[in-house]
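Inside the fold
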Amino acid sequence: MEQQDLTYEAAYEELRTIAEEIGNESVPVDILAEKVKRAALLIEFCQQKLRSTESEVNKIIKQMEKNASSGK
Amino acid sequence: MEQQDLTYEAAYEELRTIAEEIGNESVPVDILAEKVKRAALLIEFCQQKLRSTESEVNKIIKQMEKNASSGK
Amino acid sequence: MEQQDLTYEAAYEELRTIAEEIGNESVPVDILAEKVKRAALLIEFCQQKLRSTESEVNKIIKQMEKNASSGK
Amino acid sequence: MEQQDLTYEAAYEELRTIAEEIGNESVPVDILAEKVKRAALLIEFCQQKLRSTESEVNKIIKQMEKNASSGK
Amino acid sequence: MEQQDLTYEAAYEELRTIAEEIGNESVPVDILAEKVKRAALLIEFCQQKLRSTESEVNKIIKQMEKNASSGK
Amino acid sequence: MEQQDLTYEAAYEELRTIAEEIGNESVPVDILAEKVKRAALLIEFCQQKLRSTESEVNKIIKQMEKNASSGK
Amino acid sequence: MSATPYIKLSDLSARIQQAIASAFAGQSYWVVADVTNYSFYQQRGYHYFDLVEKQDHAGDIIAKVAAVAWGTGANKIKDFERITGQLFKNGINVLVKVAVNYHQVYGLQITLLDIDANFTIGLLEQQKQEILNRLLAENPDFITRVGDRYLTRNNQLPLKPVLQQIAVVTSSNSAGYQDFIHTLHNNRFGYRFVVDNYFTVVQGEVNAEQVQQRFIDIFNSGKPYDAVVLIRGGGAQTDFLIFDTYRLGRTVARFPIPVITGIGHQKNETIVDMMAHTPTKTPTKAAEYIIAHNKAFEDGMVAMQQLILIRSQQLFSAHFQALSAIHTRIVNTSRDMLSTQKDVLAYYNQRMINTAREVLSNRQRALIGLSGQLLSRPQILVANKRNELSNQVANIRSFSRNYFQHKRMGIEHHDTVFKLVSPANILKRGFALVYHKGHITTNAVNIEPGSDISILLSDTALNATVTAKNKRNGTAGPDI
């Protein structure tokens, strides 16, 4: 799968499109399962991406706070 | 029968057409039984398709929920 | 007789025409009996066709009713 | 007599003509009796024809009714 | 007398001619007497003819009516 | 890195831009961590520069560049 | 030790006192002077100040006497302030009534007895105003006046976010300079500064040019100074006058690096202060200002950092929420969709069942209807035909009855006519036939009297002879 090249934004956009398609019932039953599977994969991808970004940001913040308190 | 190549959408459309034809009594008696048989077959096909899609979707959703709760 | 190739629709149409002719008395007495005989034959044919169709349809419907209750 | 080839319609038409001729008194007295005799013969012919048609029709109808009631 | 060959129509025609001849008053009495005698004879002939025809016709009609009513 | 040329003004402006971008959610998640890291670096730089003599500043910059490149 | 004769200082001062008393006792004078070095001791109600007189234009002091006001004088000052709305303060030019006295300890002193409120504007102030007007008039490019403020090139310069490279113009030994450096370097935030000193004498109006030179030095150094700090070197109050000079005012106003002043006076604002970027009251205040400025920058950065942190956390939570919403939406909608489809199929299933049966029963009904028609109609048809037949029979019967009647009537008519014209019947009514020579005659031409005729009556024949012959005329006789 192309997940290596996938960005969060692209994944989220695709997810939004799928949700919309399913929402207004423009997805044929024939490919519904496929679409839901893809959505699950994208959600998983986005959540991982968010979690990893969050933890990275938190690490930076912790570092900054340490600097701030020591720098005073 | 061409059921292998049949999609849910095509089956559903055919079903709708048959129901309409029978509904406004434009089906000759001579082929009524045949039409009803075809409709029964289409319904059976669609129901199977729905059931398999549903079970597949449920499996994916269960997986997603497991991920979501473990990922938190 | 050409009953093998006769369709219900054709038979019914012929029957309707005979009924109309007899109704507005445009049938000569000379061939009245013949016409009535033909009508009797057509009625018989149509009834048989209806009965056979009905029994066939009922068989299918029984199956469909089973589906309807199990499919829920 | 040519009764074998005579149709009800022709017979009735002839009868009607005779009656009309008598009505407008265009029949010479000399052949009146003959005409009336012919009329009597035609009437007899028509009545027989009607009787035979009726009985034939009744037979067919009886048969149909038997079929209809047994076929139910 | 030639009465055997005489038709009602001819007799009546002759009668009508005699009546016309007498009407123009140029007939001498001696011829008149003769003419009147001839007329009387013709009248007698016609009346007999009428009577016999009528009785014959009535007989036939009676028969017809009997047939007609019995044929019902 | 262009840090040699980095002025307080430029650092402040860049920081303001980052804050604004994150504030109105125009920063893709994919590069959010990077942006936050950059913000941390800018603050770190300014704070150290505020508290250092000119010769010290150059040392700091060298150190930060080493960190930045090893931290990637 | 030489035996030079001397007197005690107290003897001398007593003689000075005596001489001054003899010259000035009981006398008072109206004097025009500038007030400077003014201070007021609230508790005792004493005003101490110097009265000075300056040379015109140059501004050099040519006379200066210490003065005091108390009692009546102090009250007069209060009246003056009340009447003019002008504080009794440095720099004002006043017309005062004074008495001269001498105190053996405090020296020569003049006592203010009265002050002319009408003589309001002090000469110093007038001079200062003149200099300001000159600055405005001669330097329109970089000095303008808006309301009671002066906009100069310098005070319109943007201040850098951090002031770290600083040039200080002051005198090396001044306490003010020490205060400034101490405050700057010992800030509690650990900020470091690079301070270059440009020492000069910063007192005495005559030194304005020297100070100006230091500014030129700063400019020529080419160093990227963030600010120039101008600090007074100490000394008496009159030392401020250097800061009211045209030269220095102009220098500061047009200087391309922001100038911060810390001149250290409390009571009036010098021209330099007006022209500078940021005037502060004291050197310490100037340092504090710089530190606060840098602190504001750091605080701004830290606030931004905080904002970035909060924003990114908000962003994360918004994204997590959005993902979770999409997740829920996909789950719900796909389930809805499947259940809708299921319902629709069930509906079609039921509909097929119902309609197929309906179709068949409709057909059955139609067929039965048609059959019924077919069963009844032939009999009706036969019955109609039979009626027609009997009608024809009836027709024939009635037509032939009429027929015979008409024929009979025709014959009977003829019969009647012939009976009327038959000769036998005519004779019965009294007519007679005349025969002459064996023939019936209707004409009497050939019959003459004497001719034999036969007369035939209905039942009798008479033979007769004619006796007379008369011509019948008119209507006489019986009608025929």
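Below or above, wherever it landed, is the structure these notes cover. Worth saying up front: this structure is predicted, and the values here are computed from it rather than measured.

1. Side note on the overall build of chain A
- When helices and strands are tallied, chain A shows two helices and zero strands.
- Looking at chain A as a whole, 38% of its 72 residues qualify as buried.
- The long-range fraction of contacts in chain A, counting pairs at least 24 apart against all pairs at least 6 apart in sequence, stands at 73%.
- Entry remark: accessible area of chain A is about 3,900 Å², with carbon and sulfur atoms responsible for 48%.

2. Re the overall build of chain G
- Across its full length, chain G carries nine helices and 16 strands.
- Considering chain G as a whole, with its 480 residues, one finds that 42% of them fall into the buried category.
- Nonlocal contacts in chain G, meaning residues at least 24 apart in sequence, comprise 61% of its contacts between residues at least 6 apart.
- Accessible surface, chain G as shown: approximately 25,600 Å² in total, 52% of it carbon and sulfur.

3. Quick notes on the sheet that holds strand E3 (residues 61-69) of chain G
All names here are of chain G.
- Pairing in this closed barrel of five strands is mixed, and the strands run E1-E2-E3-E5-E4 around the ring. Ignoring strand direction, the axes of neighbouring strands in this sheet form an average angle of 50 degrees.
- Of the pairings in the sheet, the one linking strand E1 (residues 29-41) to strand E2 (residues 46-54) comprises six bridges and is antiparallel in character. Paired with Asp-34 across the bridge in E2 is Val-52.

4. With respect to a nonpolar patch on the surface
Residues and elements named next belong to chain G.
- Taken together, the side chains of Ile-7, Leu-9, Leu-12 and Ile-16 present a nonpolar region at the surface, about 360 Å² in accessible area.
- In this fold, Ile-16 is placed in helix H1 (residues 9-24).
- Its relative accessible area of 30% is what places Ile-16 among the partly exposed residues.

5. Notes on the interface of chain B and chain A
- Taken together, the contact between chain B and chain A spans 12 residues of the former and 11 residues of the latter.
- Note on chain B versus chain A: buried area summed over both sides is about 1,100 Å², and carbon and sulfur give 70% of it.
- Contact with chain A buries area across many residues of chain B, yet Thr53(B), Ile60(B) and Met64(B) alone supply 37% of it, more than any other trio.
- Taken together, the links from chain B to chain A amount to two salt bridges.
- The salt bridge involving Lys49(B) is made with Asp30(A); its shortest N-O contact spans 3.7 Å.
- Between the two partners, chain B and chain A, sit three residue pairs in polar contact (both at pLDDT 80 or more).
- Every element with two or more residues in the side of chain B that touches chain A is listed here: helix H1 (8-23) and helix H2 (29-71) of chain B.

6. Some details on the pairing of strand E4 (residues 93-103) of chain G
Residues and elements named next belong to chain G.
- By the criterion of burial, E4 is predominantly enclosed, with eight of the 11 residues buried.
- Across six bridges, the pairing between E1 and E4 is antiparallel. Of the residues in E4, the one forming a bridge with Ala-33 is Val-94.
- Summarising the sheet, E4 and strand E5 (residues 107-115) pair through eight bridges and their orientation is antiparallel. Bridging across to E5, His-103 finds its partner in Gly-107.
- Linking two consecutive strands that pair antiparallel, namely E4 and E5, is a turn of three residues.

7. Comments concerning the side chain of His277(G)
All names here are of chain G.
- Along the polypeptide, His-277 turns up in the loop between helix H7 (271-275) and strand E12 (278-280).
- Overall, the relative accessible area of 16% leaves His-277 in the buried class.
- What His-277 contacts, discounting residues up to four positions off in sequence, is Asn-154, Asn-155, Leu-157, Leu-159, Pro-258 and Val-259.

8. A short note on the packing of aromatic side chains
- Scanning the model with the defined rule gives 22 aromatic pairs over all chains in all.
- Residues Tyr8(D) and Tyr12(D) carry aromatic rings whose centres are separated by 6.3 Å and whose planes lie at 5 degrees to one another, so their mutual orientation is stacked. Of this pair, Tyr8(D) and Tyr12(D) both sit in helix H1 (residues 8-23), four residues apart, which is roughly one turn of the helix. As far as the burial class goes, Tyr8(D) and Tyr12(D) line up, both buried.
- Taking 5.6 Å as the distance between ring centres and 40 degrees as the angle between the ring planes, the aromatic pair formed by Tyr12(F) and Phe297(G) counts as tilted. Of this pair, Tyr12(F) sits in helix H1 (residues 8-23) while Phe297(G) sits in helix H8 (residues 283-421), placing the two residues on different chains.
- Geometry around Tyr8(F) places Lys49(F) over its ring, the cationic atom sitting 4.8 Å from the centre.
- Sitting above the plane of the Tyr46(G) ring, Arg44(G) keeps its charged end 4.8 Å from the centroid.

9. So, the interface of chain G and chain F
- Residue-level contacts link 25 residues of chain G with 26 residues of chain F.
- Regarding the contact of chain G and chain F, the summed buried area is about 2,300 Å², with carbon and sulfur atoms giving 72% of it.
- The interface formed by chain G and chain F holds one salt bridge in total.
- The salt bridge involving Glu298(G) is made with Arg51(F); its shortest N-O contact spans 2.8 Å.
- Across the chain G-chain F interface, the total number found is seven residue pairs in polar contact (both at pLDDT 80 or more).

10. As for the pairing of E2(G)
Residue and element names in this part refer to chain G.
- Two successive antiparallel strands, E1 and E2, enclose a turn made up of four residues, where Gly-45 displays a positive phi of approximately 75 degrees.
- Here eight bridges tie E2 to E3, and the two strands are oriented antiparallel to one another. Bridge pairing in E3 links Lys-54 to Ile-61.

11. Examining the packing of helix H5 (residues 208-221) of chain G against helix H6 (residues 246-254) of chain G
Residues and elements named next belong to chain G.
- Packing of H5 against H6 brings their axes to within 9 Å, and their N-to-C directions diverge by 15 degrees. On the basis of their axis angle, the class for H5 and H6 is roughly parallel. Of the two possible hands of crossing, H5 and H6 adopt the one that is left-handed. Of H6, the residues touching H5 (which contributes Ala-208, Glu-209, Val-211, Gln-212 and Phe-215) are Arg-247, Leu-248, Thr-251 and Val-252.
- The class makeup of the residues in the contact of H5 with H6 is five nonpolar, two polar and two charged.

12. A look at the pattern of salt bridges
- A complete count under the given rule lists 48 salt bridges over all chains for this structure.
- Among the salt bridges present, the one from Glu13(E) reaches Arg16(E), with a minimum N-O distance of 2.7 Å. Of this pair, Glu13(E) and Arg16(E) are both found in helix H1 (residues 8-23), three residues apart, which corresponds to roughly one turn of the helix.
- Take Arg16(E): its relative accessible area is 35%, and that puts it in the partly exposed class.
- Through salt bridges that share partners, Glu13(A), Arg16(A) and Glu20(A) make up one connected network.

13. What about the sheet that holds strand E15 (residues 452-456) of chain G?
All names here are of chain G.
- Judged by pairing direction, the sheet is antiparallel, and its four strands sit side by side in the order E14-E13-E15-E16 without closing on themselves. The sheet is open, and its two borders are formed by strand E14 (439-440) and strand E16 (461-465), each paired with just one other strand.
- Examined bridge by bridge, E15 and E16 share five bridges and lie antiparallel to one another. Of the residues in E16, the one forming a bridge with Ile-455 is Leu-462.

14. Quick notes on helix H1 (residues 8-23) of chain A
Residue and element names in this part refer to chain A.
- Taking 1.5 Å of rise per residue, the 16 residues of H1 would be expected to cover 22 Å, and the 22 Å separating its terminal C-alpha atoms lies within 8% of that figure.
- Those residues of H1 that fall on the buried side of the exposure criterion are Tyr-8, Ala-11, Tyr-12, Leu-15, Ile-18, Ala-19 and Ile-22. Along the axis of H1, the buried positions cluster into a sector of 125 degrees, meaning they face one direction only.
- Directly after H1, the chain includes Glu-25, whose backbone phi takes a positive value near 55 degrees.

15. Some remarks on the packing of H1(D) against H8(G)
- One can describe the packing of H1(D) onto H8(G) by two numbers: an axis separation of 8 Å at closest approach and a directional angle of 25 degrees. The orientation of H1(D) with respect to H8(G), classified from their angle, is roughly parallel. Viewed along their axes, H1(D) and H8(G) form a crossing whose handedness is left-handed. Contact with H1(D), carried on its side by Tyr8(D), Glu9(D), Tyr12(D), Leu15(D), Arg16(D), Ala19(D), Ile22(D) and Gly23(D), involves Lys385(G), Glu388(G), Leu389(G), Gln392(G), Asn395(G), Ile396(G), Phe399(G), Ser400(G) and Tyr403(G) of H8(G) and no other residues of that element.
- Looking at side-chain class alone, the contact of H1(D) with H8(G) contains nine nonpolar, four polar and four charged residues.

Rules of the game
Residues numbered from 1 in each chain as written. Chains lettered and ligands numbered in written order. Predicted model: local features only at pLDDT ≥ 70, side-chain atom pairs only at ≥ 80, totals over all residues. Heavy atoms only, no water. Helix = DSSP H or I, 4+ residues; strand = E, 2+ residues; numbered from the N terminus. Buried < 20%, exposed > 50% of the residue type's maximum accessible area, 1.4 Å probe, protein only. Contact = heavy atoms within 4.5 Å. Areas by Shrake-Rupley, 256 points an atom, 1.4 Å probe, with all protein chains shown as cover. Pairing = 2+ DSSP bridges. Axes fitted to C-alpha atoms, helices over the stretch in contact; angles between N-to-C directions. Patch = residues over 30% accessible without salt bridge, like charges linked within 9 Å, V, L, I, M, F, W, Y side chains within 5 Å. Salt bridge = Lys/Arg side-chain N within 4 Å of Asp/Glu carboxyl O. Buried area = accessible area lost by both parts, 1.4 Å probe. Polar contact = N/O pair within 3.5 Å; in protein donor to acceptor, adjacent residues only side chain to side chain. Phe/Tyr/Trp six-rings, centres within 6.5 Å; stacked < 30°, edge-to-face > 60°. Lys NZ or Arg CZ within 6 Å of the ring centre and 35° of its normal. Parallel < 35°, antiparallel > 145°, perpendicular 65-115°, else oblique. Left-handed = near helix turned anticlockwise from the far one by under 90°. Nonpolar A, V, L, I, M, F, W, Y, C, P; charged D, E, K, R; others polar. Expected span 1.5 Å × (residues − 1). Arc of directions from axis to C-beta.

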